[in-house]
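# Structural features, examined
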Amino acid sequence: MSQLAQRSAPIPASKARLRLWLKLLKTSSGIEAELRRRLRDRHNTTLPRFDVMSALARNPNGLKMSQLSQFLRVSNGNVTGIVDRLTEDGLALRVAVPGDRRAQVAQLTPAGLAEFARLAAEHEAWIDELMAGLAPDEITEMTALLEQITLHAPEEKS
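Residues numbered from 1 in each chain as written. Predicted model: local features only at pLDDT ≥ 70, side-chain atom pairs only at ≥ 80, totals over all residues. Heavy atoms only, no water.

## Section: the pairing of strand β3 (residues 100-108)
- Two elements, strand β1 (residues 63-64) and β3, share two bridges in a ladder whose sense is antiparallel. Bridge assignment links Leu63 to a residue of β3, and that residue is Ala106.
- By the bridge criterion, six bridges tie strand β2 (residues 92-97) to β3 in an arrangement that is antiparallel. Within β3, the position partnered with Arg94 by the bridge is Ala106. (Pairing = 2+ DSSP bridges. Helix = DSSP H or I, 4+ residues; strand = E, 2+ residues; numbered from the N terminus.)

Shown next as structure tokens:
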């Protein structure tokens, strides 16, 4: 088969899906790398720390370490270290769980909530900037298409 015929031959669906996956991964990784860089350079913080603060901000009654690690899909050790540093910085605290002497719930302090609100607003502006090339109807279409992938993906087993 000539090179011209090879270029014009239809791409098998499996190859097209593989290329799409690689493009999604490259795009996602690039955005994540830029967010990590900006958090580090502009706020001397990390994306995992931002993620922990985000999870705690969404759960004002706090989360046990095991719940937090499940929510973020990281190990208990990673979460514990981040919560320890947030606590040292006065941005989080640990509260004993009544009836369970070993369990503690992590919560953001008022200072932690204020810091997260400031970071979250900037984070949102960065995402807006990084995706500025997409029109609202394109965002809606892409979101619907990505939801189709989620609908057909095997369910995660806990």
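Further notes follow.
## Side note on the confidence of the model for the protein
- Taken as a whole, the protein shows an average pLDDT of 91; of its residues, 94% reach a score of 70 or greater.
- Across the protein, helix α6 (residues 110-130) holds the top mean pLDDT of 97, while helix α1 (residues 3-8) sits lowest at 63. (pLDDT = per-residue confidence, 0-100.)

## Things to note about the packing of helix α2 (residues 13-43) against α6
- Their axes nearest at 11 Å, the elements α2 and α6 cross at an angle of 140°. Classified by the angle between their axes, α2 and α6 sit oblique to one another. Between α2 and α6 lies a crossing whose hand is right-handed. Contacts from Ile31, Glu34, Leu35, Arg38, Leu39, Arg42 and His43 in α2 reach Arg118, Leu119, Glu122, His123, Trp126, Ile127, Glu129 and Leu130 in α6.
- Among the residues making up the contact of α2 with α6, the classes are represented as seven nonpolar, two polar and six charged. (Axes fitted to C-alpha atoms, helices over the stretch in contact; angles between N-to-C directions. Parallel < 35°, antiparallel > 145°, perpendicular 65-115°, else oblique. Left-handed = near helix turned anticlockwise from the far one by under 90°. Contact = heavy atoms within 4.5 Å. Nonpolar A, V, L, I, M, F, W, Y, C, P; charged D, E, K, R; others polar.)

## Comments concerning the packing of aromatic side chains
- Applying the stated rule across the entire model yields one aromatic pair.
- Their ring planes at 40° and their centres at 5.3 Å tell us that Phe50 and Phe116 sit as a pair that is tilted. Taken as a pair, Phe50 in helix α3 (residues 47-58) and Phe116 in helix α6 lie far apart in primary sequence, 66 residues in all.
- Overall, Phe50 belongs to the buried group, its relative accessible area being 6%.
- A relative accessible area of 12% means that Phe116 is categorised as buried. (Phe/Tyr/Trp six-rings, centres within 6.5 Å; stacked < 30°, edge-to-face > 60°. Buried < 20%, exposed > 50% of the residue type's maximum accessible area, 1.4 Å probe, protein only.)

## Quick word on the environment of Gly90
- Note on placement: Gly90 falls in the loop between α5 (76-88) and β2.
- Gly90 sits in the partly exposed class, given a relative accessible area of 34%.
- Other than its neighbours up to four places away in sequence, Gly90 contacts Thr109 and Ala111.

## Some points on the sheet that holds β3
- Spatial strand order, β1-β3-β2: three strands in an open sheet with antiparallel pairing. At either end of the open sheet lies a strand with only one pairing partner, and these are β1 and β2.

## Description of α6
- The terminal C-alpha atoms of α6, which comprises 21 residues, lie 30 Å apart, in line with the 30 Å expected from a rise of 1.5 Å per residue.
- Along α6, the positions that sit buried rather than exposed are Gly112, Phe116, Leu119, His123 and Trp126. The buried residues of α6 occupy an angular sector of 85° when the element is viewed end-on, so they sit on one face. In α6, the exposed positions angled more than 90 degrees off the buried face are occupied by Pro110, Glu124 and Asp128.
- Buried residues in α6 make contact with α2, α3 and β3. (Expected span 1.5 Å × (residues − 1). Arc of directions from axis to C-beta.)

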